[in-house]
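# Overview (structure and organization)
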Amino acid sequence: MRHGLRVLLRAGDPVRRQGLAAMLEAAGHTPVSETPDVVLCDLARDIVPPGEAEAPVLVLTDRSVPGEQPAGVLPHTVTTAQLDAALRAVAAGLVVRAPGGIPADGFHAAGEDAPALLTPREAEILTLVGQGMSNKAVARALGISVHTVKFHLEALFAKLDATSRAKAVAKGLRGGVIEL
C-alpha cells in the first residue's frame, strides 16, 4: 500500500493554493502546516524558493529559479500524476527536473545581454556534450545526423556566446540549463 506524504504547501494565490491542495489530496498526500516530508512551493515571478532546512523543496515555476537549486523544479502545468511522482522522488532524496531541464522562458545569462532561448533539442545536445559525447555519439543517441548535431552546436555557440564546447557547457551549467 502506498502511503501519502505530508506536504507543506506554499502558494501566494489562494485559488492556485486550493487547486494544488486538491491535487495533493487526489494523489493521497496530506497538506500540513508543520513537520512536512516535502515542501511544495508555487513560485511567483522573482521570488526565491525556501531553503531545504525543513524538508526537500519541489518548486513549480515557469521561469528560471534564482539562488540555490531546490531538489525539484517542474512547470506550473504539472499533472496530478507528475506531481505525485515528483513529490515521492524528492522525498526519497532524488533530484527532479522537467524534461529538457529548461524553464519555459528559456535560458538567460546574468546581465542585460541575455542570449536567445535554447530549444529543447539544443538543451538536449548541450547535456550530451557535457557528458563528454562526441558529435557522432550525440547523433547516434538522438537518432539524427552528425550534420544536424553540428548545426545545433553552431546555434548553441552563437546563443551562449561560446567559442568552444567546454565554454558552452560551462555556461549551460552556470545558467541551470543542464546538470551533470
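All of these numbers come straight from a predicted model, not from anything done at the bench.

## Overview of the nonpolar core
One broad trend across soluble globular proteins is that nonpolar side chains are buried collectively. By size, the foremost hydrophobic cluster in this structure holds 22 residues, and its most contacted members are Leu24, Leu40, Leu58, Leu74, Leu83 and Leu87. Mapped onto this core, the elements with two or more residues apiece are strand S1 (6-11), helix H1 (14-26), strand S3 (38-42), strand S4 (57-60) and helix H2 (80-91). For this core, the element with the highest residue contribution is H2, accounting for five residues. With 18 residues, the next largest nonpolar core counts Leu126, Leu128, Val149 and Val169 among its residues.

## A short note on the sheet that holds S3
Here we have six strands laid out as an open sheet, ordered S2-S1-S3-S4-S5-S6, and parallel in their pairing. In this open sheet, the two edge strands, each paired with only one partner strand, are strand S2 (30-32) and strand S6 (96-97). Sheet topology note: the S4/strand S5 (residues 72-74) ladder contains three bridges and is parallel. Bridged to Val59 within S5 is Val73. Seen against the sheet, H1 touches S1, S2, S3 and S4 and runs at an angle of roughly 160° to S1.

## Structural notes on unusual backbone geometry
Within the chain, Thr35 stands out as a residue other than glycine whose phi angle is a positive 45°. In this fold, Thr35 is placed in the loop between S2 and S3. Located in the positive-phi region is Asp161, a residue other than glycine, with phi close to 50°. In this structure, Asp161 sits in the loop between helix H5 (146-160) and helix H6 (165-174).

## Concerning the pattern of salt bridges
For the structure shown, the criterion picks out four salt bridges. One salt bridge in this structure joins Asp84 and Arg88, with 2.8 Å as the shortest N-O distance. You can see Asp84 and its partner Arg88 sitting in helix H2, four residues apart, about one turn around the helix. Overall, Asp84 belongs to the buried group, its relative accessible area being 11%. Where Glu122 meets Lys159, a salt bridge forms, and the shortest distance between an N and an O atom there is 2.8 Å. Remark: Lys159 occurs in helix H5 and Glu122 occurs in helix H3 (residues 120-130); sequence separation between them is 37 residues. Exposure remark for Lys159: the relative accessible area of 22% places this residue in the partly exposed category.

Scoring rules and cut-offs
- Residues numbered from 1 in each chain as written.
- Predicted model: local features only at pLDDT ≥ 70, side-chain atom pairs only at ≥ 80, totals over all residues.
- Heavy atoms only, no water.
- Core = buried A, V, L, I, M, F, W, Y, C linked by side-chain atoms within 4.5 Å.
- Buried < 20%, exposed > 50% of the residue type's maximum accessible area, 1.4 Å probe, protein only.
- Helix = DSSP H or I, 4+ residues; strand = E, 2+ residues; numbered from the N terminus.
- Pairing = 2+ DSSP bridges.
- Contact = heavy atoms within 4.5 Å.
- Axes fitted to C-alpha atoms, helices over the stretch in contact; angles between N-to-C directions.
- Salt bridge = Lys/Arg side-chain N within 4 Å of Asp/Glu carboxyl O.

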